[in-house]
Amino acid sequence: CGRGPGGCRGGRTDMALRCAASLAAGRQPRGPRREGTVRWSSAAKASAVKINEKASREKILTLESMNPQVKAVEYAVRGPIVLKAGEIEKELRKGIKKPFTEVIKANIGDAHAMGQRPITFLRQVVALCTYPNLLDSPSFPEDAKKRARRILQGCGGNSLGSYTASQGINCIREDVASYIERRDGGVPADPDNIYLTTGASDGISAILKILISGGGKSRTGVMIPIPQYPLYSAAISELDAIQVNYYLDEENCWALNVNELRRALNEAKAYCNPKVLCIINPGNPTGQVQNRKCIEDVIHFAWEEKLFLLADEVYQDNVYSEGCQFHSFKKILYEMGPEYYNNVELASFHSTSKGYMGECGYRGGYMEVINLHPEIKGQLVKLLSVRLCPPVSGQAAMDIVVNPPVPGEESYAQFIKEKESVLNNLAKKAKLTEDMFNKIPGVHCNPLQGAMYAFPRIFIPSKAIEEAKAHKMAPDMFYCMKLLEETGICVVPGSGFGQREGTYHFRMTILPPVEKLKILLEKVKDFHIKFLEKYA
């Protein structure tokens, strides 16, 4: 190295560093080919040692030093079984033989990924907003152009690429308020109580963040249904709040019973301060649709016990069973009279991701929050301003959900045809799934009244439970992993959503096309029968 056997010389810093790096890597230095052994200066050796020390220095961020609340977060919908499904997909692409040719991801309610076609009008408006030059194109209908121009006028520089107000574009919030009034039969809605969000999840997390406080026995308790959508348990863990479980009644079509709410609340008062009650209607993963009487009972309970109500209503368009109807908590609260309507604090959530739209990727949503303390309203806007604003394309998509074509407009006929086709198809698949599951020995599925999932109860023999324990797995995780490995079907174990002790379930979306869904259900049937035979 350098000019001779003396090694690196003064002024040759770059050469010294290369020599040091070579030594740190365990290599002999390279230099002119001369006889004899290469000698190193003490400076080069010291430099090499320092580099080696830096290379082996401990990481600042480790599992031991990371935020313990984040470490505690679990989200089963994209958990270990989905990671395994991804590994299997890679193996299939490499040509590794499996008993199947594709992985069917029935673990998540991602409609378009499952083949559902987008609603034409929604995509037209978003396309016009994204590329305004198309406003001059005769290929787009005037009612779509009218909406796009209105949205763009609400954007800085008439561009979807600009930031918006943290609460969302004002004209879209006005459209949301008008939609709520139409939906609820004239119940007034104030645009100032509307907050556009990054999907419903963003709104739920923000409200929980502002609600949770205290320490020890005064730490905020959040009441959630079991089974639940894992967003709730994940957010509660991240915020270091206390999860208070109340169980839905599986024997009564996953009904919500106020006596069960009271049991959960009274028990929780011994170790926390329960002040939030979360409701998912229609239910995820359970698919039940709450009747009016049930909602009235829940509102009365929240009023009586001074609980802040969260109503997750993202599946409000997804109601299939005869005799079932979606009732918003806001509407029922209003109709119960001023003593309730002027006092019960309620946040309601909606999204572009579900319903007939299935536009998960736009991350559009809104929340309406009523009876919020004026000073807290300012704090909520401050909190939302930290993330600047929701995706503006998602705000535009949300606008079309709440402001669709109306009779007399040129796009109305096609819009209604597409919307009804999606919803009728989902209703057909809900009934098909329920019927086929209930023909399988050891499987029971309640009616799929709404949403887009089945949550069947499965019998798992004791022999399989023992084997699951040996693999350090929950029994239904073991079952679902076997199902994936043998059939390529990816579903989520019920333990990821919560369930009563000694019962086992899995959640499966009903979104695949009808013919593929039939094949999927037949495969589940064949697998389950073989599973029972193997572990009987």
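Procedures and definitions
Residues numbered from 1 in each chain as written. Predicted model: local features only at pLDDT ≥ 70, side-chain atom pairs only at ≥ 80, totals over all residues. Heavy atoms only, no water. Pairing = 2+ DSSP bridges. Helix = DSSP H or I, 4+ residues; strand = E, 2+ residues; numbered from the N terminus. Axes fitted to C-alpha atoms, helices over the stretch in contact; angles between N-to-C directions. Contact = heavy atoms within 4.5 Å. Buried < 20%, exposed > 50% of the residue type's maximum accessible area, 1.4 Å probe, protein only. Polar contact = N/O pair within 3.5 Å; in protein donor to acceptor, adjacent residues only side chain to side chain. Expected span 1.5 Å × (residues − 1). Arc of directions from axis to C-beta. Parallel < 35°, antiparallel > 145°, perpendicular 65-115°, else oblique. Left-handed = near helix turned anticlockwise from the far one by under 90°. Nonpolar A, V, L, I, M, F, W, Y, C, P; charged D, E, K, R; others polar. Phe/Tyr/Trp six-rings, centres within 6.5 Å; stacked < 30°, edge-to-face > 60°. Lys NZ or Arg CZ within 6 Å of the ring centre and 35° of its normal. Right-handed = clockwise from strand over helix to strand, strands pointing away.

## Focus on the sheet that holds strand β7 (residues 346-351)
Turning to step 1, where the next piece is worked out: Strand order in the open sheet made by the seven strands is β2-β8-β7-β6-β5-β3-β4, with mixed pairing throughout. Of all strands in the sheet, those bounded by a partner on one side alone are β2 (194-198) and β4 (242-247). Taking the axes of each pair of neighbouring strands and ignoring which way they run, one obtains an average angle of 25 degrees across the sheet.
Turning to step 2, where the next piece is worked out: In the packing of helix α8 (residues 199-211) onto the sheet, contacts are made with β2, β3 (220-226), β5 (273-280), β6 (308-312), β7 and β8 (364-370), and the angle to β2 comes to roughly 115 degrees.
Turning to step 3, where the next piece is worked out: On top of the sheet, helix α9 (residues 230-238) reaches β3, β4, β5 and β6; it is set at about 160 degrees to β3, its chief contact.

## Digging into the sheet that holds strand β13 (residues 492-493)
Turning to step 1, where the next piece is worked out: Spatially, β10-β14-β13 is the arrangement adopted by the three strands of the open sheet, whose pairing is antiparallel. Both outer strands of the open sheet, β10 (453-454) and β13, are each paired with one neighbouring strand and no more.
Turning to step 2, where the next piece is worked out: Pairing between β10 and strand β14 (residues 506-509): two bridges, direction antiparallel. Bridge pairing in β14 places A454 opposite M508.

## A short note on the side chain of T503
Turning to step 1, where the next piece is worked out: Here T503 shows up in the loop between β13 and β14.
Turning to step 2, where the next piece is worked out: Looking at T503, the relative accessible area reads 9%, which means it is buried.
Turning to step 3, where the next piece is worked out: From its side chain, T503 meets the backbone oxygen of R500 in a polar contact 2.7 Å long.

## Re helix α19 (residues 514-535)
Turning to step 1, where the next piece is worked out: Over its 22 residues, α19 extends 31 Å from the first C-alpha to the last, a length consistent with the 32 Å expected when each residue adds 1.5 Å.
Turning to step 2, where the next piece is worked out: Along α19, the residues that are buried comprise V514, L517, L520, L521, V524, F527, H528, F531, L532 and Y535. Seen end-on, α19 carries its buried residues on one side only, within an arc spanning 140 degrees. Exposed residues lying more than 90 degrees from the buried face of α19 are E515, I519, K530 and E533.

## Observations concerning the packing of helix α4 (residues 80-93) against helix α18 (residues 475-487)
Turning to step 1, where the next piece is worked out: Remark: α4 packs on α18, axes separated minimally by 11 Å, with the N-to-C direction vectors making an angle of 15 degrees. If you check the angle between α4 and α18, you find them roughly parallel. The element α4 and its partner α18 pack so that their crossing is right-handed. When α4 is examined against α18, the residues P80, I81, K84, A85 and I88 are found in contact with a partner set consisting of M477, C480, M481, L484 and E485.
Turning to step 2, where the next piece is worked out: The residue inventory of the contact of α4 with α18, partitioned by class, reads eight nonpolar, no polar and two charged.

## Some remarks on the environment of L261
Turning to step 1, where the next piece is worked out: With respect to the helices and strands, the residue L261 is situated in helix α10 (residues 258-268).
Turning to step 2, where the next piece is worked out: According to the relative accessible area criterion, L261 is buried, its value standing at 0%.
Turning to step 3, where the next piece is worked out: Along the sequence, L261 and P225 sit 36 residues apart, while their C-alpha atoms lie 9.3 Å from each other.
Turning to step 4, where the next piece is worked out: Setting aside residues no more than four positions away along its own chain, L261 makes contact with M223, Y246, L256, L277, V298 and F301.

## Quick notes on the packing of aromatic side chains
Turning to step 1, where the next piece is worked out: Evaluated as defined, the whole model comprises 14 aromatic pairs.
Turning to step 2, where the next piece is worked out: Consider the rings of F437 and F506, whose centres lie 5.8 Å apart with planes at 70 degrees: the pair is edge-to-face. Of this pair, F437 sits in helix α16 (residues 412-437) while F506 sits in strand β14, and the two are 69 residues apart along the sequence.
Turning to step 3, where the next piece is worked out: For F506, a relative accessible area of 1% puts it in the buried group.
Turning to step 4, where the next piece is worked out: The ring centre of Y453 lies 3.8 Å from the NZ or CZ of R507, which sits over that ring.

## Looking at the pairing of β5
Turning to step 1, where the next piece is worked out: Taken across its eight residues, β5 has six buried, putting it largely inside the fold.
Turning to step 2, where the next piece is worked out: Here β3 pairs with β5 via four bridges, running parallel. The partner of G221 across the bridge, within β5, is P274.
Turning to step 3, where the next piece is worked out: Bridging between β5 and β6 involves five bridges; their strand directions are parallel. When the bridges of β6 are listed, L277 appears paired with L309.
Turning to step 4, where the next piece is worked out: In the classification by handedness, the crossover that spans β5, the intervening helix α11 (residues 292-305) and the parallel β6 is right-handed.

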